[in-house]
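Coordinates in review
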Amino acid sequence: MQFFQTLSIQSRLLLLVIAPVFALSCTFLLFDFQKQLQNDEDKLSQHALTTAKFLSAVVHNQTELHGRPYIDRLLKASQLDREPYLSLMISDAVNRPLAQLGASFIVGESLPQQDTHVMQHATHDVTMVRIFTTEPKHALLGYVFVAIDKAAMLEDHRQAFIRNIGYITLGLMLCSVLVYWVSRSISQPIRELTAALKRFVVGNQHISHVKNSLPEIHSLQTTINEISREMQHVEADMRHRIQDAQAQLRYQARHDALTGLVNRQELERRLQQALEDVKQHKANHVFCYMDLDQFRVINDTCGHPAGDEMLRQISMILSQRIRAEDTFARLGGDEFGLLLSYCQVEKAIEIAAQLRQMVEAFRFMHEGRLFQTGISIGIVEVTADLKDVGQITRHADAACYVAKDNGRNQIHLFHPEDDVLLKRHVEMEWVLRINEAIEHNDFVLYCQGIFPMQQKELPPFYEILIRKRDENGGIIPPAEFLPSAERYQLMTKIDRWVIQHAFMALQPLFKTQSATKPFIVSINLSGMSLGDATLLPYIKNCFANYEISPSHVCFEVTETSAIINIDNTIKLITELKAMGTRFMLDDFGSGMSSFSYLKHLPVDFLKMDGAYVKDITINKVDLAMAKAIQSVAESMSIQTIAEYVEDQATLDCLGEMGVAYAQGFYLNRPAPLSEALSRHFSAHHPLQKQTASQTAIATDISA
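Residues numbered from 1 in each chain as written. Predicted model: local features only at pLDDT ≥ 70, side-chain atom pairs only at ≥ 80, totals over all residues. Heavy atoms only, no water.

1. Details of a negative patch on the surface
Residues Glu646, Asp647, Asp652 and Glu656 make up a contiguous surface patch of negative charge. Tracing the backbone through its elements, the reader meets Asp652 in helix α21 (residues 648-657). For Asp652, a relative accessible area of 39% corresponds to the partly exposed category. (Patch = residues over 30% accessible without salt bridge, like charges linked within 9 Å, V, L, I, M, F, W, Y side chains within 5 Å. Areas by Shrake-Rupley, 256 points an atom, 1.4 Å probe, with all protein chains shown as cover. Salt bridge = Lys/Arg side-chain N within 4 Å of Asp/Glu carboxyl O. Lys, Arg positive; Asp, Glu negative; His and termini not counted. Charge placed at Lys NZ, Arg CZ, Asp CG, Glu CD. Helix = DSSP H or I, 4+ residues; strand = E, 2+ residues; numbered from the N terminus. Buried < 20%, exposed > 50% of the residue type's maximum accessible area, 1.4 Å probe, protein only.)

Below is the structure:
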């Protein structure tokens, strides 16, 4: 069966048609040959028997057989010497030959007892008939033998068989030709269809008609051609769609989806080409980095859809001034980039000024409200000294930053020796170092004591401060890195690091020794943290995880940050005071509206701005301001704290005013947390023993 399945249609037809026909033909031929041979043998035997009986009838009326001459004449007279007779013989009763015509043959001594009998041999048959007398009594007179020659008959039949085999072979050959032609008329169109379908698979969808194909094959070809035509239409349609999609993808890969301008990736590619052009051909190219001013106000006030619409309109307005050879791109958010090709710096500044004026004159209308914005532009000349595109964009971004620092809606040209840009570069480096310090715990906690002046039995405060450890193990003061942290929104991370590590360090002390010598720690919170909605849950988790009693903790916020985030600050203070913590308002008096906001902030302590304290003994205005703050605090039952206490005279003056707590270098200096706490549990009160080196707890946030 497996062999049959591997055969082609032609082979199968030949095998299924020729083989059965040949087998049947041979079977019928053999059957007919045997039957005809048997019939001819039977006829010969019957003829021989008839002849023998005829001869026996001639002599059976005789009482005895006459002599040999009589019998010879009888045999000759019978004319039996022709084919198929081989021989005739008459013998007596004892089987002695009396007369013979033809070839001699041996009968044998014992003869059968039948009256007639046929003795068959390979090449001849011998028919025997017994001769009896009729008078006077039925007695055996002799025998008549007739030998029939079968060789001629067999030869005739063999020749006839060979001829029939030839006829059958010829018929089979003709039949094979016919079958081959029929099978080819079927298989050849199928082969052509198969080849066409293979071409169809690889992209050639046309299948032509095969000549002289069968109706069924023709119908199949017609159907496949219809499918092919449909597939050609589908392929053409898909090809067009793919081409459109590819074009769309190429466009999207190079353009901004919101404004339709070139995107950052395409701009950087063109900047790279411009840089290579400058290095190879000394061409003049200028890059401008542009950032919209106060764009966040639009998003926060009207929502992001309005902000997007404003970006689209500004993009359309600025595109009108862009030259054909220039590249105007949106870098993301409210930032744009402009590559001025083959342009001198002076011309670039002129174009930038025109763009700034266009944005300044633009008015955005949304739901009846009119908005105005500006744009800060940083310009950098593309020179051969620049290493790569990243350096170009960094310089332009730094120049744009300086333009914003100069009052926004300004233009600033980058110069390598620009002090402001160098400062920004240092700040950017600090961003990396701060993140690494947070990740690797390279900050160090310090603290400085805040001691009671009126009621010496009250527990002291220790303000938690922060420092950074440098590569050589030295200590870096907070003034070096906190401005960068504030500018680049890293204060929230620092505040959380301080809270967590302060609680970790204070946990064992609060459990074991705070009852004998109690103290309160003061932790600074930045303005950015006050606006963080997740800060409150974080602080609560720290209280729970480190088992710190809220009554031992005071959080310190500056007046400026509290006013900026007044609602969030009030909510945070209320929630934490409900848990038992205390709050201190730092740098009080530095703002213009200090007293008006104070009644809305439920704080426990006011820390006077050090600017009023350090010259209180020599400046009457500072003394008056300090007394006013003390008077307002007393009327609101809020305790005051004076910082920057640097001599005994200042300390005495504050004591006479009724200030509750004092803090400054005269009382003690900031020290590492572990050292400060060990001194706390071993030292006397600094206001009882006037020593300038007492306890301190690490890491400053405010100073």
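Now that the structure has been shown, we can carry on.
2. What to know about the confidence of the model for the protein chain
Here the protein chain shows a mean pLDDT of 81. Residues at 70 or above account for 86%. Contacts from residues 689-703, a stretch scored under 50 in pLDDT, to residues over four places away or in other chains number 90 contacts. (pLDDT = per-residue confidence, 0-100. Contact = heavy atoms within 4.5 Å.)

3. Describing the nonpolar core
One finds Ile499 and Phe555 to be the most contacted residues of the largest nonpolar core, which totals 78 residues. It is helix α13 (residues 491-512) that provides the largest number of residues to this core, a total of ten residues. Membership of the second largest hydrophobic core comes to 32 residues, among which are Met310, Leu338, Cys343 and Ile351. (Core = buried A, V, L, I, M, F, W, Y, C linked by side-chain atoms within 4.5 Å.)

4. Side note on a nonpolar patch on the surface
Together, Ile227, Met231, Val234, Met238 and Ile242 give the surface a local cluster of nonpolar side chains, amounting to about 420 Å² of exposed area. For Met231, the location among the structural elements is in helix α5 (residues 215-254). Taking the relative accessible area as the measure of exposure, Met231 reaches 36% and is therefore partly exposed.

5. Observations concerning helix α7 (residues 295-302)
Along α7, the positions that sit buried rather than exposed are Phe295, Ile298, Asn299 and Cys302. For α7, the buried positions fall inside an angular range of 105 degrees around the axis, keeping them on one side. Of the exposed residues in α7, those oriented more than 90 degrees away from the buried face are Arg296 and Asp300. In this structure, the buried residues of α7 make contact with β6 (285-293), α8 (304-319), β9 (363-366) and β10 (369-372). Gly303 sits one or two residues past α7 and shows a positive phi near 100 degrees. (Arc of directions from axis to C-beta.)

6. Structural notes on the side chain of Glu266
Relative to the assigned elements, Glu266 resides in helix α6 (residues 264-281). Polar contacts involving the side chain of Glu266 include one to the side chain of Arg270, which spans 2.9 Å. (Polar contact = N/O pair within 3.5 Å; in protein donor to acceptor, adjacent residues only side chain to side chain.)

7. Structural notes on the environment of Ala99
On the secondary structure map, Ala99 appears in strand β2 (residues 97-102). The class of Ala99 is buried, set by a relative accessible area of 1%. Each C-alpha atom of the pair Ala99 and Val144 lies 9.8 Å from the other, and the pair is 45 residues apart in sequence.

8. Describing the packing of helix α15 (residues 535-546) against helix α17 (residues 566-579)
Any two packed helices are characterised by the angle at which their axes cross and by the distance between the axes. One way to put it is that α15 packs onto α17 with a least axis distance of 11 Å and a crossing angle of 15 degrees. What the angle tells us is that α15 and α17 run roughly parallel. Viewed along their axes, α15 and α17 form a crossing whose handedness is right-handed. Two secondary-structure elements touch here, α15 through Leu535, Leu536, Ile539, Lys540 and Phe543 and α17 through Leu572, Glu575, Leu576 and Met579. Its residues assigned to classes, the contact of α15 with α17 shows seven nonpolar, no polar and two charged. (Axes fitted to C-alpha atoms, helices over the stretch in contact; angles between N-to-C directions. Parallel < 35°, antiparallel > 145°, perpendicular 65-115°, else oblique. Left-handed = near helix turned anticlockwise from the far one by under 90°. Nonpolar A, V, L, I, M, F, W, Y, C, P; charged D, E, K, R; others polar.)

9. Examining the sheet that holds β6
Across the sheet, which stays open at both edges, the five strands sit in the order β7-β8-β6-β11-β12 with mixed pairing between neighbours. Edge positions in the sheet fall to β7 (327-332) and β12 (411-413), since each has one partner strand and no second. Going from strand to strand, the sheet's axes swing by 20 degrees on average, the running direction of each strand aside. With seven bridges joining them, β6 and strand β8 (residues 335-341) adopt antiparallel strand pairing. The residue bridging Tyr289 from the neighbouring strand is Gly337, located in β8. Each of β6, β8, β11 (374-382) and β12 touches helix α9 (residues 345-361); the most contacted strand, β11, lies at about 165 degrees to it. (Pairing = 2+ DSSP bridges.)

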